[in-house]
Amino acid sequence: MFEKIQKVLTLRSGIMKEFLAEALGTFILMVFGLSSVAQVVLGKGNTGHYLSINMAFGIGVTLGIHASGGISGGHLNAAITITEWILGNLSWKRLTAYMIGQFLGSFLAAATVFGLYYDVLYDYTNGNFTVTGPTATAMIFSTYPAPNVSLLGAFFTEFTATVMLVLGVHVIHDDKNNAALKGTQPLICGILVLGIGLGMGMNTGYAINPSRDLPPRIFTAIAGWGTEVFTAGHHWWWVPVIAPVLGSLTGALIYKLFIDIHNQPDEEIENRKEERGVETSKL
């Protein structure tokens, strides 16, 4: 009986498999990340600190890539997906499937965390969900710039942080260079995101990912915070959508110009290794 049910449910479409993988991977990433922010905000610093958020997002990235990496590559980030499409590594059908999967997973994660902490949210805010003010809670779900940071400064922060993210991803996965050992890439990607949060998170909360920021923002607009989630911070909402895409493209271009196009082909590397092996055997 179970085998029959499994046979009916098993997908044969590669694109649908990738869609589900991106959805689940992003869901895992976002549940870990958003729930950590909720604990810090709602616990008033007694149940977590800024480091807790950094670590939780790093853990979420690690597990999300482990869950989806073998099927879709574990993008979990629309900026990276768009970059891969522009570079010719994804078809437009896969681009669409990846982005819908990521947005669905992120939206469902926001809804999950909202349900998980609804009682505490209601008690903390007295039922008045606000974007700004002493009991603001919208920042649990999406990023907002610090009050002392200009829109241009915030844009540059998101752009630069995403450049570093994509540079790191290329370093970790470039088999022609000194890539991370197979199986360790998800963990090191998680450490990479942890590092970005520790060093570049103060200005904007380091969204570095449209899939991380926009779907939960839409959820908060629906769930009671209203349209102010789009107007706060001088209409900040578009920055974590556009800046990461530009940063991702720039990071990929920098890596290609400084490393990739100058690197030796695999065959030449193997030939040199064989030559060295022969020379060593003669000694």
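Quick summary incoming for the structure in this document.

Structural notes on the overall build of the protein chain
Phase 1: Scanning the protein chain from terminus to terminus reveals 12 helices and 0 strands.
Phase 2: Scanning the protein chain from its N terminus toward the C terminus, one meets helices and strands in the order α-α-α-α-α-α-α-α-α-α-α-α.
Phase 3: Expected size for 283 residues packed as a compact globule is a radius of gyration near 19 Å; at 21 Å, the protein chain falls within 12% of this value.
Phase 4: Dimensions along the principal axes, computed over C-alpha positions, put the protein chain at roughly 80 × 60 × 35 Å.
Phase 5: Restricting the contact set of the protein chain to residue pairs at least 6 apart, pairs at least 24 apart contribute 75%.
Phase 6: Taken as a whole, the protein chain presents about 14900 Å² of accessible surface, with 65% of it coming from carbon and sulfur.
Phase 7: Taking the 16 positively charged and 19 negatively charged side chains of the protein chain as two groups, their mean positions are separated by 6 Å.

Comments concerning the packing of helix H2 (residues 14–42) against helix H3 (residues 50–72)
Phase 1: Close contact between H2 and H3 brings their axes to 8 Å; oriented N to C, the two are set at 170°. When the axis of H2 is compared with that of H3, the two are roughly antiparallel.
Phase 2: Each residue belonging to the contact of H2 with H3 can be placed in one class, and the counts come to 15 nonpolar, 8 polar and 3 charged.

Thoughts on unusual backbone geometry
Phase 1: We note that Lys44 has phi near 55°; this positive angle belongs to a residue other than glycine.
Phase 2: Summarising the element assignment, Lys44 is placed in the loop between H2 and H3.
Phase 3: One non-glycine residue with positive phi stands out, namely Asn126, at about 55°.
Phase 4: Along the chain, Asn126 falls in the loop between helix H6 (118–125) and helix H7 (151–173).

Things to note about the layout of surface pockets
Gaps left between atoms are located by rolling a probe of water-molecule size over the structure's atoms.
Phase 1: Of the voids in this model, the largest pocket is the one considered here, and its volume is about 820 Å³.
Phase 2: What lines the largest pocket is a set of 35 residues, and nearest its centre among them are Gly74, His75, Ile80, Val169 and His173.
Phase 3: Counting residues per element, the ones that place at least two in the lining of the largest pocket are H3, helix H4 (78–86), H7, helix H8 (185–200) and helix H11 (239–258).
Phase 4: Counting residues per element, the lining of the largest pocket draws most heavily on H7, which supplies 5 residues.
Phase 5: Tallied by class, the residues present in the lining of the largest pocket amount to 17 nonpolar, 12 polar and 6 charged.
Phase 6: The calculated volume of the second largest pocket comes to roughly 660 Å³.
Phase 7: Listing elements by their share of the lining of the second largest pocket, those giving two or more residues are H2, H3, H7 and helix H10 (228–235).
Phase 8: Residues belonging to the lining of the second largest pocket are distributed by class as follows: 19 nonpolar, 10 polar and 1 charged.

A closer look at helix H9 (residues 210–225)
Phase 1: Helix length check: H9, at 16 residues, gives a terminal C-alpha distance of 20 Å against a target of 22 Å (1.5 Å per residue), a shortfall beyond 12%.
Phase 2: Every buried residue of H9 is accounted for by Pro210, Ser211, Arg212, Asp213, Leu214, Pro215, Pro216, Arg217, Phe219, Thr220 and Trp225.
Phase 3: The opening residue of H9, the one whose side-chain oxygen lies 2.8 Å from the backbone nitrogen of Ser211, is Asn209.
Phase 4: Positive backbone phi, approximately 80°, marks Gly226, located one or two places after H9.

Focus: the nonpolar core
Phase 1: In terms of nonpolar packing, the biggest core is built from 50 residues, with Leu121, Ile140, Phe141 and Trp225 touching the most fellow members.
Phase 2: Looking at this core, the element that brings in the most residues is H2, giving 8 residues.
Phase 3: Setting aside its immediate chain neighbours within four residues, Leu121 contacts Leu42, Phe114, Phe129, Thr137, Ile140, Phe141 and Trp225.

How each quantity is defined
Counting restarts for each chain: residues are numbered from 1 in the order of the written sequence. Local features in this predicted model are restricted to residues whose pLDDT is 70 or higher, and side-chain atom pairs enter the listing and the counts only when it is 80 or higher, whereas totals over whole chains, interfaces and linings include all residues. Note that the side-chain values use all heavy atoms of the structure and ignore hydrogens as well as water. Helix and strand labels come from DSSP, where a helix needs a run of H or I of at least four residues and a strand needs a run of E of at least two; each type is numbered from the N terminus. Both definitions apply: the radius of gyration is a C-alpha atom measure, and the globule rule equals 2.2 Å times residues to the power 0.38. Whether two residues are in contact is decided by their heavy atoms, any of which lying within 4.5 Å being enough. What sets the accessible areas is the Shrake-Rupley method with a 1.4 Å probe; for residues, cover comes only from the shown protein chains. By the counting scheme adopted, Arg and Lys are positive, Glu and Asp are negative, and His together with the chain ends is not counted. By convention, the point assigned to a charge is CZ for Arg, NZ for Lys, CD for Glu and CG for Asp. Axes, fitted as lines to C-alpha atoms, cover a helix only where it is in contact. Angles between the N-to-C directions of the axes lie from 0 to 180 degrees. Angle categories: roughly parallel below 35 degrees, roughly antiparallel above 145, roughly perpendicular from 65 to 115, and oblique for all the rest. In this classification, Asp, Glu, Lys and Arg are treated as charged, Ala, Val, Leu, Ile, Met, Phe, Trp, Tyr, Cys and Pro as nonpolar, and every other residue, Gly included, as polar. Put simply, the grid is 1 Å and covers the protein atoms alone, a cavity is a trapped set of points that fit a 1.4 Å probe, a pocket is an open set with protein on both sides within 12 Å along at least five of seven lines, and lining residues have an atom within 4 Å of a point. Grid points are joined across faces, edges and corners, and a volume is the space filled by probe spheres set on the points. Expected helix span is given by 1.5 Å per residue-to-residue step, counting one fewer step than there are residues. Accessibility here uses a 1.4 Å probe with only protein chains present; expressed as a share of the type maximum, an area under 20% marks a residue as buried, one over 50% as exposed, and anything in between as partly exposed. Whenever a nitrogen or oxygen atom comes within 3.5 Å of another N or O atom, the pair is scored as a polar contact, on the condition that within protein one atom can donate a hydrogen and the other can accept it, and that pairs from neighbouring residues in sequence are kept only if both atoms are in side chains. We define the nonpolar core as a collection of buried residues of types Ala, Val, Leu, Ile, Met, Phe, Trp, Tyr and Cys that are connected through side-chain atoms lying within 4.5 Å of one another.

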